[in-house]
Amino acid sequence: MEIWEVKLRETYGSAAVDKKAALENQVSGLPRYVSEYLLGFFCQDGITDKNIEEMQRYVLEHRVLGKEKEKHKYDLQIYLKKKLIDKYKVTINLTNKKQTYNTLEIPSLGEYNASVLNSILKEHPRLLIDGIWGLAELSYNPKDRHITMTNFRPFQLSNIKIDEYIEGRNNFSTEEWINILISTIGLNYKSYDMRKKMILISRLIPMVEKNVFMMEFGYPGTGKTYAYEQISSYSRVISGSKITASQLYVNLTTKQEGLLCQYDVLLFDEIDKVKKGGIEEEVMSKLYQYLSSGKFDRGGIEKSSSCGIVMVGNLPKGEFDKHSFLKDILNEEMLRDAFLDRLNGLIPGWEINPIENREKSLTNNWGFAADYFSEIMNKLRNINFDNLFYSKVELIDASTRDEDAIRKIFNGFMKLIYPHGNITNEEIGYIMDFAIYYRNLVIKQIYNIYGTEKYNRKVSYEIM
């Protein structure tokens, strides 16, 4: 083990895990943060063949796989009780007399009208927010043909002290901390130079900073969506244009809040494949409003949210101009200067090489447990370094929108790399170089596409 790995274990205890072992023993069909939680529970005395077999047997016994849905429903009907692993979510019904007061979703069984004991909701309120992976004991009442959750064991951490995490950062150098973050993502820090490490870390900015809007384009297999799918339970990946106004904003029939109110970040994947008219007009029109103010209204219902939005896609084959390629990728609805100007930054994913073989590209080191780090990133959204930004940085030739964008990216880097606030002027300059570069990529794209004179500029800065 390297020195920083030893310090990581000593400082954070069970929140640190052997990421290589976790990847090698990942449970198929479960997010990595759930898989690592189970690995930590069953392998408290070490990762052994016996412990791994016990974990796998446990998952197989309680998981609905493939076409087994009806078999598990039959077991519940016959034996009246069943323990199942799933991602459970609850909505509250106040007006529909045909439904119970709380409605439990059991996706693996295709059941969306079960119920849950109020005592469980009080103990696990996240069931009411974005849902929780866990083991539930389900009871079936044959008289009213109804399923009720009577017991629940979550597979995600919730009681995490952010102050201890921040305090622990003082035990590591900046380089050591960056290596920990790269390993936590699941990548081999030795395969990337410092610039590429910073680009990889910048993918996490929307998870720790509120209302961030970014895009990333790169080559296939570089892990653009990996962190959003595997590390955080507060993020959601959406494929291309497969989203409606009801899903994203508010369902006017049920009054159910949409995805923007349920997650910290939404990632739209493969936006390079979205054709003209591929996104609902209402989705785009309200997105303009939301990206500008953090608010939206639909059907007279106004909502606010801190959810970030990330759009990713693959670059066109062959040569491309990094200062104007968006005109060859985005459809007409998104290729508008007013929309692009709302971009806080463009992540240069083209600088990241595709992930190769396991030994070279994936981590062989320790890092933070995914469920722990997911909760940490969520809590970091509630702190900011605005005072540091405004006291140390003076922007030159920047619009109000430029300033807001650069401040958000700066804040994101600070929370991820310097959460303790202990930073030198030289280090401020280093993360400012990235924040400025990301925003200038956006400005240059707009100018080269439209030729509008107000975008014929390059933002710079001075450290005060």
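The structure under discussion appears in the preceding block.
Residues numbered from 1 in each chain as written. Predicted model: local features only at pLDDT ≥ 70, side-chain atom pairs only at ≥ 80, totals over all residues. Heavy atoms only, no water.

1. A short note on the layout of surface pockets
As a reminder of what qualifies: Here a cavity denotes a set of grid points, spaced 1 Å apart and computed over the protein atoms alone, in which a 1.4 Å probe fits but from which it cannot get out, and a pocket denotes an open set meeting protein on both sides within 12 Å along at least five of seven lines; residues with an atom within 4 Å of a point are reported as lining. Grid points are joined across faces, edges and corners, and a volume is the space filled by probe spheres set on the points. Strands are runs of DSSP state E lasting at least 2 residues, helices are runs of H or I lasting at least 4, and numbering of each runs from the N terminus. Any residue outside Ala, Val, Leu, Ile, Met, Phe, Trp, Tyr, Cys, Pro, Asp, Glu, Lys and Arg is labelled polar, Gly included; the first ten of those are nonpolar and the last four are charged.
There is about 1,300 Å³ of room inside the largest pocket. Together, 45 residues line the largest pocket, and Lys89, Thr91, Glu105, Gln256 and Gln262 are the ones closest to its centre. Within the residue set of the lining of the largest pocket, elements represented by two or more residues are strand E2 (81–92), strand E3 (102–106), helix H11 (226–230), strand E8 (235–239) and helix H12 (245–248). Considering every element that reaches the lining of the largest pocket, the biggest residue donor is E2, with 6 residues. A per-class count over the lining of the largest pocket returns 17 nonpolar, 19 polar and 9 charged. Of the volumes computed, that of the second largest pocket is approximately 620 Å³. Every residue lining the second largest pocket is counted, 24 residues in all, and those nearest its centre are Ser14, Ala16, Val17, Gly40 and Phe41. Elements that contribute at least two residues to the lining of the second largest pocket include exactly strand E1 (16–18), helix H2 (19–24), helix H3 (32–42) and helix H16 (370–380). Per-element tally for the lining of the second largest pocket: the top contributor is H3, with 5 residues. Of the residues contributing to the lining of the second largest pocket, the split by class is 15 nonpolar, 5 polar and 4 charged.

2. What to know about the packing of aromatic side chains
Where two aromatic rings form a pair, the distance of their centres and the angle of their planes describe that pair. Condition: Stacked, edge-to-face and tilted are the three classes for Phe, Tyr and Trp ring pairs, Trp counted by its six-membered ring, which pair at centre distances within 6.5 Å; planes under 30 degrees apart are stacked, over 60 edge-to-face, the rest tilted. To sit over a ring, a charge needs its Lys NZ or Arg CZ within 6 Å of the ring centre and within 35 degrees of the ring normal.
Under the counting rule described, the total for this entry stands at 31 aromatic pairs. In textbook terms, an aromatic cluster arises when at least three aromatic residues are bridged by ring pairs, as seen for Tyr12, Tyr165, Phe172, Trp177, Phe368, Tyr372 and Phe373. We note Arg153 situated over the ring of Phe41; from NZ or CZ to the ring centre the distance is 4.0 Å. The cationic tip of Arg195 hangs over the ring face of Tyr437; the distance from NZ or CZ to the ring centre is 5.2 Å.

3. A few points about the packing of helix H1 (residues 3–12) against helix H8 (residues 174–185)
Rules: Each axis is a line fitted through C-alpha atoms, taken for helices only over the stretch in contact, and angles between the N-to-C directions span 0 to 180 degrees. Geometric relationships in this document are graded by angle, where less than 35 degrees denotes roughly parallel, more than 145 denotes roughly antiparallel, 65 to 115 denotes roughly perpendicular, and other angles denote oblique. Contacts were defined at the residue level, with two residues in contact if any of their heavy atoms lie within 4.5 Å.
One can describe the packing of H1 onto H8 by two numbers: an axis separation of 10 Å at closest approach and a directional angle of 80°. Taken together, H1 and H8 sit at an angle that is classed as roughly perpendicular. Of the residues in H8, those in contact with Ile3, Trp4, Lys7, Leu8 and Tyr12 of H1 are Glu176, Trp177, Asn179, Ile180 and Ser183. Taken together, the residues that form the contact of H1 with H8 break down as 6 nonpolar, 2 polar and 2 charged.

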